[in-house]
Amino acid sequence: MCRWLAYSGTPIFLSQLLFEPENSLIDQSLHARESIATTNGDGFGIGWYDAQPHAGLFRDVLPAWNDENLLALSEQIRSGLFLAHVRASTGTSTARQNCHPFRYGRWLFMHNGQIGEFEKIRRELAFTVRPDLFASMKGATDSEMFFYLAIGEGLEDDPPGALSRAINIVE
């Protein structure tokens, strides 16, 4: 199962949570203690907010513990609001566009888990995504599909309601 973290507080360097703690996200991605798989090596992503009106985003397919660029960037990027995700694929390919977080406008989204029997309902869900949003989807994951369903259901104006309505569509 994927692992992630979210931080909101006084601006800090991303490395302070990604790499430095004893049970850092990077350590957990290599040595998971409570999981079926002990490693999360199917890519990673970080998204952060700072001075720009949109979120910063860096994703790659390398295992997080083996990416020198992630370490170098996280030692330089300071943010008071960021997300980080290490991926353990539930069936879709290891590709940058399938790594979380996903970004649309000022929104970032990540998800831990999976939509049950996604392959059986994938086509039907895809037709439920608003046509003007469909071209923005780049990957093949259930998480990104869910994100775009939520955007179409009003995420910008009513996040809790939009997520609830997106869940109802999936169910």
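From a predicted model like this one, the values you see are computed outputs, not experimental measurements.

Novice: Is there a simple way to think about the packing of aromatic side chains in this case?
Specialist: Using the criterion set out here, one finds 6 aromatic pairs in the structure. Where Tyr104 meets Tyr148, the ring centres are 5.6 Å apart and the plane angle is 80 degrees; that geometry is what we call edge-to-face. With Tyr104 in strand β5 (residues 102-104) and Tyr148 in helix α6 (residues 142-152), the pair connects residues that are 44 residues apart, well separated along the chain. Of the residues examined, Tyr148 reaches a relative accessible area of 2% and is grouped as buried. Ring centres of Phe109 and Phe146 lie 5.9 Å apart, and the angle between their planes is 35 degrees; this geometry places the pair in the tilted category. Here the residue Phe109 occupies a position in strand β6 (residues 107-109), and Phe146 occupies one in helix α6, the gap between them amounting to 37 residues. Exposure class is identical for Phe109 and Phe146. Each is buried. The structure contains a cluster of three or more aromatic residues connected by ring pairs, namely Tyr104, Phe109, Phe146, Phe147 and Tyr148.

Novice: Would you mind going over unusual backbone geometry with me for this structure?
Specialist: The phi angle of most residues is negative, glycine excepted, and most peptide bonds adopt the trans form. Cis rather than trans, the peptide bond between His100 and Pro101 has omega equal to -5 degrees. Relative to the helices and strands, Pro101 is located in the loop between β4 (78-86) and β5. Even without being a glycine, Glu117 presents a positive backbone phi close to 55 degrees. Locating Glu117 in the fold gives a position in the loop between β6 and α4 (118-128). Exposure remark for Glu117: the relative accessible area of 56% places this residue in the exposed category.

Novice: What is the right way to look at the packing of α6 against helix α7 (residues 159-170) in this model?
Specialist: The relative placement of two packed helices is expressed as an angle between their axes plus a distance between the axes. Axis separation between α6 and α7 bottoms out at 8 Å; the angle between their running directions is 125 degrees. In terms of orientation, α6 and α7 fall into the oblique class. Pair α6 / α7 crosses with right-handed handedness. Residue-level contacts link Phe146, Leu149 and Ala150 of α6 to Ala162, Leu163, Ala166, Ile167, Ile169 and Val170 of α7. When grouped by side-chain class, the residues that make up the contact of α6 with α7 number 9 nonpolar, no polar and no charged.

Novice: Just checking my understanding: could you explain the environment of Ser164 for this structure?
Specialist: Mapped onto the elements of the fold, Ser164 is located in helix α7. Ser164 gets classed as partly exposed once you look at its relative accessible area, which sits at 36%. C-alpha separation for the pair Ser164 and Pro63, spaced 101 residues apart in sequence, amounts to 33 Å.

Novice: Could you clarify how one ought to interpret the sheet that holds strand β3 (residues 56-60) in this entry?
Specialist: For sheets, the rule is that strands pair by backbone hydrogen bonds, running either parallel or antiparallel. Read across the sheet, 4 strands follow the order β1-β4-β2-β3 without closing on themselves; strand pairing throughout is antiparallel. Single-partner strands in this sheet number two, and they are β1 (3-13) and β3. The average undirected angle you get between the axes of adjacent strands in this sheet is 10 degrees. Judged from the 6 bridges that link them, strand β2 (residues 44-49) and β4 form a sheet pairing that is antiparallel. The residue of β4 that forms the bridge with Gly45 is His85.

Novice: Mind showing me how you'd approach α4 here?
Specialist: Structurally, the α-helix is built with 3.6 residues per turn, so residues lying three or four positions apart point the same way. Listed in full, the buried residues belonging to α4 are Phe118, Leu125 and Ala126. The buried residues of α4 occupy an angular sector of 100 degrees when the element is viewed end-on, so they sit on one face. α4 presents Lys120, Arg123, Glu124 and Phe127 as exposed residues on the side facing more than 90 degrees away from its buried surface. Buried-residue contacts for α4 involve α5 (131-134), α6 and α7.

Rules of the game
- Residues numbered from 1 in each chain as written.
- Predicted model: local features only at pLDDT ≥ 70, side-chain atom pairs only at ≥ 80, totals over all residues.
- Heavy atoms only, no water.
- Phe/Tyr/Trp six-rings, centres within 6.5 Å; stacked < 30°, edge-to-face > 60°.
- Helix = DSSP H or I, 4+ residues; strand = E, 2+ residues; numbered from the N terminus.
- Buried < 20%, exposed > 50% of the residue type's maximum accessible area, 1.4 Å probe, protein only.
- Axes fitted to C-alpha atoms, helices over the stretch in contact; angles between N-to-C directions.
- Parallel < 35°, antiparallel > 145°, perpendicular 65-115°, else oblique.
- Left-handed = near helix turned anticlockwise from the far one by under 90°.
- Contact = heavy atoms within 4.5 Å.
- Nonpolar A, V, L, I, M, F, W, Y, C, P; charged D, E, K, R; others polar.
- Pairing = 2+ DSSP bridges.
- Arc of directions from axis to C-beta.

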